[in-house]
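# Architecture at a glance
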Amino acid sequence: MCRFTLYLGPPIRLSSLLLEPAHSLIRQSTHSREREEPLNGDGFGVGWYAPELTPEPAVFRSITPAWNNRNLANLARVVTAPCILAHVRAATQLSGVNEANCHPFRYGPLLCMHNGDVGGFGAVRRPLLASVSDEAFGNVFGSTDSEHVFALIIDELGRHPEALLGAARLADAVRSAIWRVVDLVADHGDGAPSYLNVAISDGQSAVVSRFSTDTRHGPESLYVYRGELYAPDRGRGAPPEALAGGPSVVVSSERLTDDPAWEEVPANHLIVVEPDRPPTFVACERPEAERLARTA
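A brief look at the structure comes next. None of the values given here were measured: they were computed from a predicted structure. (Residues numbered from 1 in each chain as written. Predicted model: local features only at pLDDT ≥ 70, side-chain atom pairs only at ≥ 80, totals over all residues. Heavy atoms only, no water.)

Along any regular strand, the residues point their side chains to alternate faces of the sheet. Taking burial as the measure, the 7 residues of strand 7 (residues 195-201) include 7 buried ones, the bulk of the element. A two-sided burial pattern is seen for strand 7, the buried positions comprising Tyr195, Asn197, Ala199 and Ser201 on one face and Leu196, Val198 and Ile200 on the other. Bridge analysis of strand 6 (residues 110-117) against strand 7 gives 7 bridges, and the strand direction is antiparallel. Each bridged residue has a counterpart across the sheet, and for Leu111 the counterpart in strand 7 is Ser201. Bridge count between strand 7 and strand 8 (residues 206-210): 3 bridges; the pairing is antiparallel. Of the residues in strand 8, the one forming a bridge with Ile200 is Val207. The turn joining strand 7 and strand 8, which pair antiparallel and follow one another in sequence, is formed by 4 residues; a positive phi near 95 degrees is taken by Gly203. (Buried < 20%, exposed > 50% of the residue type's maximum accessible area, 1.4 Å probe, protein only. Helix = DSSP H or I, 4+ residues; strand = E, 2+ residues; numbered from the N terminus. Pairing = 2+ DSSP bridges.)

Have a look at this one:
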């Protein structure tokens with residue numbers, strides 16, 4: 001499994017997430033606290049938005065381990081953004097280690113990343129691709145189950161292309177895509193457990209899921225921090241150094257700091273982040289119309 005972090009708030013440097021916190025994402029790439037295997041060294045990626053220039057995000061990805069990439073460290077010191085998605089990868093199943101398989105994935109103004117596993121993906125992949133539109137199919141460049149889940153989300157968004165993007169629409173698309181995965185695995189993947197912590201953003205809003213069909217072990221870890229983001233303590237008794245100019249939201253596979261304000265996201269829920277509103281938890285339940293159709 002992988003580790004990821006999403007930030008939405010006043011512009012901050014990439015290093016505020018990747019390098020500076022005591023348990024930064026780079027630290028998690030070598031010393032993950034909530035995985036049996038602490039290393040996440042099969043590549044990395046970071047995406048960020050510069051809304052004053054373009055609505056489409058920039059993405060930097062590499063197959064090198066995040067802890068050993070000097071270009072990443074140099075960029076992180078000087079690039080600032082109001083929305084950041086960063087991911088360190090531990091390859092699963094049959095997907096190879098190549099740049100196309102590194103997260104986050106991009107489609108127009110959207111960035112998407114995933115921590116988890118689609119159960120029985122080798123058997124699920126072909127019927128999954130057969131179920132999506134040409135537009136969604138054409139955005140699959142690699143072999144990861146993660147990018148195929150993103151294709152399902154793109155397909156869901158394409159059902160109503162005239163609708164504006166936003167938190168509510170992203171949440172509906174993520175929820176429907178998750179249940180399509182559940183049904184595909186039930187039909188073609190022998191019901192193997194799936195782990196679907198998925199993060200998606202359009203640069204202004206974001207939706208992150210914490211979901212699994214594994215009733216014994218549950219989903220992968222996920223936490224949210226709400227408030228002003230601070231750098232690590234600068235020594236006992238020293239005041240923290242503010243990194244952002246106001247309220248912000250961080251959603252992360254593991255806590256970046258020891259601040260008690262970090263809150264665990266409930267199992268099988270979405271966390272929905274919108275501008276100027278507190279983030280909300282929404283149960284990731286199958287839409288009623290889909291439930292009735294499935295049982296008919």
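Looking now at the packing of helix 6 (residues 145-158) against helix 7 (residues 167-188). Between helix 6 and helix 7, the least distance of the axes is 8 Å, while the angle of their chain directions is 125 degrees. Classified by the interaxial angle, the pair formed by helix 6 and helix 7 is oblique. In the packing of helix 6 onto helix 7, the handedness of the crossing is right-handed. Judged by residue contacts, Val149, Leu152, Ile153, Asp155, Glu156 and Leu157 of helix 6 engage Arg169, Leu170, Ala173, Val174, Ser176, Ala177, Arg180, Val181 and Leu184 from helix 7. Considering only residue class, the contact of helix 6 with helix 7 consists of 10 nonpolar, 1 polar and 4 charged. (Axes fitted to C-alpha atoms, helices over the stretch in contact; angles between N-to-C directions. Parallel < 35°, antiparallel > 145°, perpendicular 65-115°, else oblique. Left-handed = near helix turned anticlockwise from the far one by under 90°. Contact = heavy atoms within 4.5 Å. Nonpolar A, V, L, I, M, F, W, Y, C, P; charged D, E, K, R; others polar.)

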